[in-house]
Amino acid sequence: MYKYLLQSIEGIAWFGTAALLIFFVVFCVALWRAFSSHNDEMQYMAEMPLKD
Amino acid sequence: MSRIEHFQYDNRIVRAFGVASFIWGLVGMLVGLIMALQLIYPNLNFSAYGIPFFSFGRLRPLHTNAVIFAFVGNGLFMGVYYSLQRLLKVRMFSDFLSWAHFYLWQLVILGAAFTLPLGMTTSSEYAELIWPLDLLITVVWVLFGINMFGAILKRRETHLYVAIWFYIATWVTVAILHIVRSFELPYSLTASYPLFAGVQDALVQWWYGHNAVAFFLTTPYLGVMYYFLPKAANRPVYSYKLSIIHFWALIFIYIWAGPHHLLYSSLPDWVQSLGTVFSVMLIAPSWGGMLNGLLTLRGAWDRVRQDPVLKFMVVAVTAYGMATFEGPMLSIKTVNAISHFTDWTIAHVHVGALGWNGFLTFGMLYWLWPRMYKTTLFSTNLANIHFWLGTLGIVFYAVPLYWAGWTQYFMWREFTPEGTLAWGNFLDTVLQILPMYAIRAVGGLLYFVGVCIGVYNLFKTAAQGSFMANEAAEATAPERRVVPLAPGEHWHKWIEGRPMQMLLWSTILIAIGGIVQIVPMVFIESQVPKIASVKPYTPLELTGRDIYIREGCVGCHSQQIRPFRAETERYGEYSKSGEYIYDRPFLWGSKRTGPDLARQGGKYPDSWHYNHMIEPRTMSPGSIMPQYPMLAENKLDLSLLPKKINALRSLGHPYPKHFEDIAVTEAHKQAKAIAQNLKEQGVEDEGMEQTEMMAMIAYLQRLGTDIKAQKTATK
């Protein structure tokens, strides 16, 4: 076994950039869709614990 | 035509986890209280009388494991098993699995209670348990997962309420965390060395450690909060939209926060920065959860005045908000420079643990017990008293430690006008904060007494009621498992009806943070610049290091000098990542109750260490360190040395071939040399070279001596 499995990886900066971009996109989509959702569906889900 | 199905919810398993939770809670908090008193009365370590099991260093992991995994762990299982059944309108997938989960989890806890005081520990915070227990935990978690996902798949309510998403994310992430943190190579039935060393071990540890907070102490409790708070208040959650947004943000962002435990350490800068930035961003989704909880009580605040359950829940959610504001603040480097290694960190932990986790657990228990026993709470008065004792306890716990933390910071960094340290003797800074430790112990005592009252109240409630082991329920059988979106339906409904996709996407998001931070550290040689003069530990030093780990010295002593002038003046050259490549596990520590030991090597003669370990107060009058006279009496056990050398060699330590054959002889040689040294320095005890003390001295005298001046070379 080796202390370092590979000797080098070139240009890993894209890892962080990609991850940040993925999150940003997902978050913006979640925000937009949440605000464009129907209130009665939200109400149905919100009341679920009270219905058992 | 859908038919009505009749089934039963399992309350027995809920009660079992609840009972386990408050019993272990009492145990874990009592251990904490003892430790708080040990800091003021070191005799309470009992090690002076030759009893090694109860010293502060050995008790610390017992306390943390008991309160996190036994108290909160059983509490979260109680909440999950109760709410999951009712939200999905289904009994747990398998009663057998429920009870297997319960008994095996208690077995893990008993294993911890047995092994930790014996000094069997990996020293990784919140992952101290030895490898056989790690395997058992994996088994338990898999059984829990099958039981939970089986119920989800068999559910009669097709939509997944927000609490369920939190449970799914919890299960997935804890599984990944546990597996990665448990990458270790066993060399005996009760011991192992971690796959990672030094800086990488530190990063993996705090990726794990912070996410243990995130996904064991936070997400499942947010889930139960989303169920029990609306139930207790009899009102729907304030904003379901907010819960969607903050769920996805939380599970993504939390993973990256781990490096905030390693600021100003020898962890590469880019990783530290990621940790800071994401920790600060984390305020938003965390406060989303807090606001959702508190605003659910709009218009119902008068009920909070009367109902102790709501009181506990309100303070719990508020404490959650406080801790999730303080945490991001502590993750900012300038603030962290003040707080790291001080008691401010301890205060922060306990606001979250006592306030959020503790109080939400009690809120759930007080709500559940009357319902499951078909009666009313035995005494609302006692519950209110518990509430006030607990709240005061939290205040008296945290405030003195804030004071102590700032005192430590100011004293550690103060310089005289001549340019020397004003408080050159670390002990002076400890003595200064002992009164604050005393008040903290009072706070802990108040909190503990409150819990005792609560347990009494629950017992009396059970005694006056009749237990409903199985609760009858009915629901329409669903026609389809997966609900396609009707026109105009919200997109999130798509994933709410698809638990497997929820599982998959949660996994992907949480994996991203770990991969981005950890993979480059592991694979890129240049991330840890090597130092040519750093060599592996000798066999005797290795043995001493393992004794250091056994006694839990890392609980009070750090080994990481930060690049501040106050630290380099006090401790020596600041720590470089290349110095730690043979540290398996890393021992950077999180707290300085005692001084940093990173460059302890060569500071004092061997005889100083000999006397200091046997009775610290002979060398440091007023010290609160436990005594370790057993080190001078215990016979040095080198039988495992060959196995240790082999294990380390396969993990990359450059021990020569066949070195394991001469390791024991080498160790004895070095021990003899140290014994000779001690004799020349006036220590006259007989048979010294056969004792563990030689190993401990060898290790301590090695610390930090490998680097000379500024010479750093890359291979």
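Small disclaimer: the values here were computed from a predicted structure and weren't measured.

**Quick notes on the overall build of chain B**
Reasoning step 1: Check the secondary structure of chain B and you find 24 helices and four strands.
Reasoning step 2: Here the C-alpha radius of gyration of chain B, 26 Å, is about what a compact globule of 715 residues would show, namely 27 Å.
Reasoning step 3: Projected onto the principal axes, the alpha-carbon positions of chain B cover approximately 90 × 50 × 50 Å.
Reasoning step 4: Evaluated residue by residue, chain B yields a buried proportion of 54% over its 715 residues.
Reasoning step 5: The long-range share in chain B, meaning contacts at least 24 apart out of those at least 6 apart in sequence, stands at 84%.

**Some thoughts on the overall build of chain A**
Reasoning step 1: Within chain A one finds two helices and zero strands.
Reasoning step 2: Looking at chain A as a whole, 15% of its 52 residues qualify as buried.

**Digging into the pairing of strand 2 (residues 184-188) of chain B**
All names here are of chain B.
Reasoning step 1: Where strand 2 lies against strand 3 (residues 191-194), four bridges are found, and the strand directions are antiparallel. For Leu-185, the partnering residue across the bridge sits in strand 3 and is Tyr-193.
Reasoning step 2: Hairpin geometry of strand 2 and strand 3 is characterised by an intervening segment of two residues between the two adjacent antiparallel strands.

**What to know about the packing of helix 11 (residues 308-330) of chain B against helix 14 (residues 380-413) of chain B**
In a pair of packed helices, the angle between the axes and the distance between the axes together describe the arrangement.
Residue and element names in this part refer to chain B.
Reasoning step 1: Where helix 11 contacts helix 14, the axes come no closer than 9 Å and their chain directions differ by 15 degrees. With respect to helix 14, the axis of helix 11 lies roughly parallel. Considering how the two elements wind past one another, helix 11 and helix 14 form a crossing that is left-handed. Residue-level inspection shows Pro-308, Lys-311, Phe-312 and Val-315 of helix 11 in contact with helix 14, the latter providing Thr-380, Ala-383, Asn-384, Phe-387 and Thr-391.
Reasoning step 2: Classifying every residue of the contact of helix 11 with helix 14 gives five nonpolar, three polar and one charged.

**Section: the confidence of the model for chain A**
Reasoning step 1: Summing up the model confidence of chain A, the mean pLDDT is 78 and the portion of residues at 70 or higher is 77%.
Reasoning step 2: The low-confidence segment residues 1-7 of chain A, where pLDDT is below 50, has 10 contacts with residues more than four positions distant or belonging to other chains.

**Brief notes about the domain arrangement of chain B**
All names here are of chain B.
Reasoning step 1: Examined at the domain level, chain B breaks down into domain 1 (297-479) and domain 2 (539-702).
Reasoning step 2: Put simply, the middle of domain 1 and the middle of domain 2, counted by C-alpha atoms, are 37 Å apart.
Reasoning step 3: Between domain 1 and domain 2, the contact holds 10 residues from the first and 13 residues from the second.
Reasoning step 4: Take the side of domain 1 that touches domain 2: its biggest share by element is four residues, from helix 15 (residues 426-464).
Reasoning step 5: Grouping the amino acids of the side of domain 1 that touches domain 2 by side-chain chemistry returns eight nonpolar, one polar and one charged.

**Points about the packing of helix 20 (residues 606-614) of chain B against helix 24 (residues 692-702) of chain B**
Residue and element names in this part refer to chain B.
Reasoning step 1: As a packed pair, helix 20 and helix 24 sit with axes 10 Å apart at the nearest point and diverge in direction by 125 degrees. The angle between helix 20 and helix 24 falls in the class oblique. For helix 20 against helix 24, the interelement crossing comes out right-handed. Across from Asp-606, His-609, Tyr-610 and Met-613 in helix 20, the residues of helix 24 making contact are Met-693, Met-696, Ile-697, Leu-700 and Gln-701.
Reasoning step 2: Here the contact of helix 20 with helix 24 is composed, by residue class, of six nonpolar, two polar and one charged.

**What about helix 2 (residues 39-46) of chain A?**
Reasoning step 1: Where helix 2 of chain A is concerned, the buried positions are A:Met42, A:Met45 and A:Ala46. The arc that holds the buried residues of helix 2 of chain A, viewed along the axis, is 100 degrees, so those residues lie on one side. Structural note: helix 2 of chain A exposes A:Asp40 and A:Gln43 on the side pointing more than 90 degrees away from its buried face.
Reasoning step 2: Where helix 2 of chain A is buried, its residues touch helix 7 (240-253) of chain B.

**Side note on the environment of B:Ser124**
All names here are of chain B.
Reasoning step 1: Its place among the elements puts Ser-124 in the loop between helix 3 (95-115) and helix 4 (131-153).
Reasoning step 2: Ser-124 sits 25 residues away from Phe-149 along the chain, and the two C-alpha atoms are 30 Å apart.
Reasoning step 3: Other than its neighbours up to four places away in sequence, Ser-124 contacts Arg-181, Gln-205 and Pro-585.

**Things to note about unusual backbone geometry**
Residue and element names in this part refer to chain B.
Reasoning step 1: For the bond running from Arg-584 to Pro-585, omega is -5 degrees, close enough to zero to count as cis.
Reasoning step 2: Relative to the assigned elements, Pro-585 resides in the loop between helix 19 (565-571) and helix 20.
Reasoning step 3: A positive phi is found at Tyr-126, a non-glycine position, where the angle reads about 65 degrees.
Reasoning step 4: Note on placement: Tyr-126 falls in the loop between helix 3 and helix 4.

**Points about the environment of B:Trp171**
Residue and element names in this part refer to chain B.
Reasoning step 1: Its location among the elements puts Trp-171 in helix 5 (residues 162-181).
Reasoning step 2: A tally of 21 C-beta atoms within 10 Å means that Trp-171 is categorised as buried.
Reasoning step 3: Placed 22 residues apart in sequence, Trp-171 and Phe-149 show a C-alpha to C-alpha distance of 9.8 Å.
Reasoning step 4: With residues up to four places along the chain from it excluded, the contact list for Trp-171 reads Gly-145 and Met-148.

**Focus on the confidence of the model for chain B**
Reasoning step 1: Per-residue confidence for chain B gives a mean pLDDT of 93; residues scoring 70 or more make up 95%.
Reasoning step 2: Every residue in residues 709-715 of chain B scores below 50 in pLDDT, and together they form 10 contacts with partners more than four places removed in sequence or on other chains.

**Concerning the environment of B:Ser279**
All names here are of chain B.
Reasoning step 1: Of note, Ser-279 is situated in helix 8 (residues 269-281).
Reasoning step 2: A count of 27 C-beta atoms within 10 Å places Ser-279 in the buried class.
Reasoning step 3: The sequence separation of Ser-279 and Gly-444 amounts to 165 residues, and the corresponding C-alpha distance is 28 Å.

Rules used in this analysis
Residues numbered from 1 in each chain as written. Chains lettered and ligands numbered in written order. Predicted model: local features only at pLDDT ≥ 70, side-chain atom pairs only at ≥ 80, totals over all residues. Helix = DSSP H or I, 4+ residues; strand = E, 2+ residues; numbered from the N terminus. Rg over C-alpha atoms; globule rule 2.2 N^0.38 Å. Buried ≥ 20, exposed ≤ 12 C-beta atoms within 10 Å, placed from the backbone. Contact = placed C-beta atoms within 7 Å. Pairing = 2+ DSSP bridges. Axes fitted to C-alpha atoms, helices over the stretch in contact; angles between N-to-C directions. Parallel < 35°, antiparallel > 145°, perpendicular 65-115°, else oblique. Left-handed = near helix turned anticlockwise from the far one by under 90°. Nonpolar A, V, L, I, M, F, W, Y, C, P; charged D, E, K, R; others polar. pLDDT = per-residue confidence, 0-100. Domains from an automatic or database assignment. Arc of directions from axis to C-beta.

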